[in-house]
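Examining the three-dimensional arrangement
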Amino acid sequence: MEHTRTTKRLLALAGAVLALLAVAYLPLPEGLLTAGEVTLSPAGRVSVGTLAFCLVLWMTEALPFHITGLLGMIALALQGTAGFSEIVKLGFGNQIIVFFIGVLCISSFISRSGLGKRLCLFVLSRTGNSTGAILLGFLTVGALLSMWVTDMAVAAILMPLAKAMLEEEGLQPLKSNFGKALMISCAWGPLIGGIGTPAGAGPNPIAIGFIREMTGVEITFLEWMCYGVPAALVLIPPAWLVLMAFFRPEIKQLSKTREDLRREFQQLPPPDREEKITLGVFLVTVALWLGSDWLAGLLGIEIPTALPAIIGGCLFFLPGLTRIPWKAIQQDVAWDGIILTVSGISLGMLIYQTGAAQWLSQILLGGIVTMGPLAQIFVIILMISLLKVALSSNTVTATVIIPIIIAMAVGHGLPVMGVVIPASLTLSLAFILVTSTPTSVIPHSSGYFSIMDMAKAGAAMTLLTSVLMTAVIYGVGGIRGIY
């Protein structure tokens, strides 16, 4: 078995190298190298070839995602696309690193202090024992929490609560419809809420970073929320309806009464010092995010989204403030995710700088240039939703797609925000494939639903999402004057 797996991985690696060589160095007809008025330069061919190399490895999962990202950086340097120090600086010199560290520290404290569990139990104590209401409650609390805490952390908080509830009811994995729906809601709720703010999901700051580096436009925390929060709130009811339709619960009520659930919450010990401090630091961070424009004007300095995040992450470690040590917190910081993100930024920036993004945008998106804004939004959302099935990772999708979308907007004189916002908000909404994000892998690990269970319901949810998000983004964008 291990020998077969190793052979498949070696074949995938060989295929990746062949893809790079074919795209970057084989003689190709001029017509293929020219799209519209854009001709792919030799440096652009190398960057597209390196992208093909990475895509093969990402799609086959022959190597860990972040190792593939590092290999992509090495390949770019060895082929002379740019100096290695410049390639490293593009990614590892980006402020997104400290943003992730700060947000993941805050997420870890919310989880480890018990504050996250208390908030979840509070919501469940209000939903009652109706399985339909509980399902809606999990979706809602997952969405609301993941606007401020990373969606992966929220899934990790919800899953054990859901599993304990299902086991207490004696519901069997893969056999219980309610079990399937409840566990999928532990993924979908956080995924939906993750689009609400820049802090909610990894692809959000990636998109913001690309927009800042490529166009000079800084999207503030509040500007993102103007689109993200309405879109997230609109998606909660249809997610509930889809889960109820595909997995109608076989029981209408839990054996526990509404009073039992309330009593369980009331019997929790009072919030201890760790929870209070965690809540205080969290609220300070949110206040800094929301008031960053005002503070920047008052202090006369720039306050990017990353600054409040790292301030919040550092506050916990002031002497005598909390008893949770850094050694515990660092276990929850997804260093592999950070490496994948910054290596992906290096690759994406070079694809843009060499002109390859403009060429790819003509090939992949040239047809939508003549469409009206409403149709453009819908096609972008649907296209990215389907691409995520092939690209296997929300972060990978962000790395590949956002530079291409920006290049298309710049090249055709379209409003950059008008096409980048729908693309950015869609990056985290991986309803179909479990492996697109750890947020879905965590509930799937419980064994209560199969990959096909989520895929079938996710296909329907993806179509609904494309329609509803198009309406929300077009409406908000019209009010804000970008359409």
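Here the structure is shown first, and the text comes after it.
What you are looking at is a predicted structure, and each value in this text was computed from that prediction instead of being measured. (Residues numbered from 1 in each chain as written. Predicted model: local features only at pLDDT ≥ 70, side-chain atom pairs only at ≥ 80, totals over all residues. Heavy atoms only, no water.)

**Overview of the overall build of the protein chain**
When helices and strands are counted, the protein chain shows 24 helices and 2 strands. Projected onto the principal axes, the alpha-carbon positions of the protein chain cover approximately 75 × 55 × 50 Å. Here the protein chain holds 483 residues, and 55% of them are scored as buried. Of the contacts formed within the protein chain by residues at least 6 apart in sequence, a portion of 80% connects residues at least 24 apart. Per element, the accessible surface of the protein chain, about 19400 Å² overall, is 68% carbon and sulfur. (Helix = DSSP H or I, 4+ residues; strand = E, 2+ residues; numbered from the N terminus. Buried < 20%, exposed > 50% of the residue type's maximum accessible area, 1.4 Å probe, protein only. Contact = heavy atoms within 4.5 Å. Areas by Shrake-Rupley, 256 points an atom, 1.4 Å probe, with all protein chains shown as cover.)

**What about the nonpolar core?**
Across soluble globular proteins, you tend to see nonpolar side chains buried next to one another. In terms of nonpolar packing, the biggest core is built from 156 residues, with F138, L182, W188 and I192 touching the most fellow members. For this core, the element with the highest residue contribution is helix α12 (residues 221–246), accounting for 12 residues. If we skip the residues at most four places from it in the chain, F138 touches L124, L158, L161, A162, M165, L182, S185 and C186. (Core = buried A, V, L, I, M, F, W, Y, C linked by side-chain atoms within 4.5 Å.)

**Here's the deal with empty space enclosed by the protein**
If you walk through the whole model with that rule in mind, you get 3 cavities of 30 Å³ or more. Computed from the structure, the largest cavity encloses a volume of approximately 110 Å³. Forming the walls of the largest cavity are 13 residues, and the residues nearest its centre are Q95, P205, I208, R212 and T305. The set of elements that each furnish at least two residues to the lining of the largest cavity consists of α6 (96–113) and α11 (203–215). Ranked by the residues each element gives to the lining of the largest cavity, the list is headed by α11, at 4 residues. Here the lining of the largest cavity is built from residues that sort into 7 nonpolar, 4 polar and 2 charged. Together, S385, K388, V389, L429, A430, F431, I432, L433, S436 and T462 line the second largest cavity. (1 Å grid on protein atoms, 1.4 Å probe; cavity = no way out; pocket = protein on both sides within 12 Å on 5 of 7 lines; lining within 4 Å. Points joined across faces, edges and corners; volume = space filled by probe spheres on them. Nonpolar A, V, L, I, M, F, W, Y, C, P; charged D, E, K, R; others polar.)

**Quick look at helix α8 (residues 131–146)**
The end-to-end C-alpha separation of α8 is 22 Å, in line with the 22 Å expected for 16 residues at 1.5 Å each. Of all 16 residues that make up α8, 12 are buried, and the element is covered over most of its length. Here α8 has its buried residues at T131, G132, I134, L135, G137, F138, L139, V141, G142, A143, L145 and S146. On its buried face, α8 sits against α7 (115–127), α9 (151–168), α10 (177–193) and α12. (Expected span 1.5 Å × (residues − 1).)

**What to know about the side chain of T426**
Secondary-structure assignment places T426 in helix α22 (residues 416–426). In this structure T426 comes out as buried when scored by relative accessible area, which is 0%. Not counting chain neighbours up to four residues away, the residues in contact with T426 comprise I381, I384, S385, K388 and M469.

**What about the packing of helix α5 (residues 84–92) against helix α18 (residues 335–353)?**
In the contact formed by α5 and α18, the axes pass within 7 Å of each other and the chain directions differ by 115 degrees. The element α5 and its partner α18 pack so that their crossing is right-handed. Here E86, I87, V88, L90, G91 and F92 of α5 come into contact with α18, specifically with V342, I345, S346, M349, L350 and Q353. Class assignment for the residues of the contact of α5 with α18 results in 8 nonpolar, 3 polar and 1 charged. (Axes fitted to C-alpha atoms, helices over the stretch in contact; angles between N-to-C directions. Left-handed = near helix turned anticlockwise from the far one by under 90°.)

**Some thoughts on the environment of V48**
Within the secondary structure layout, V48 lies in helix α3 (residues 42–60). Note on V48: relative accessible area 9%, which makes it buried. Between the C-alpha atom of V48 and that of W289, which follows or precedes it by 241 residues, the distance is 37 Å. When residues no more than four places from it in sequence are discounted, the contact partners of V48 are V23, L40, A356, W359 and L360.

**Some remarks on the layout of surface pockets**
Roughly 600 Å³ of internal volume is contained in the largest pocket. Counting only elements with at least two residues in the lining of the largest pocket, the list comes to α4 (65–78), α6, α9, α18, α21 (394–412) and α23 (438–444). For the lining of the largest pocket, the element with the most residues is α18, which contributes 5 residues. Partitioned by chemical class, the residues of the lining of the largest pocket number 16 nonpolar, 13 polar and 2 charged.

**Here we look at the pattern of salt bridges**
What the rule picks out here adds up to 5 salt bridges. The partner of R212 in a salt bridge is E213, and the shortest N-O contact between them spans 3.9 Å. Residue classification places E213 among the partly exposed residues on the basis of a relative accessible area of 44%. When the shortest N-O distance is used, the salt bridge between E218 and R212 registers 3.6 Å. Its relative accessible area of 16% is what places R212 among the buried residues. What you see here is one network of salt bridges that share partners, running through R212, E213 and E218. (Salt bridge = Lys/Arg side-chain N within 4 Å of Asp/Glu carboxyl O.)

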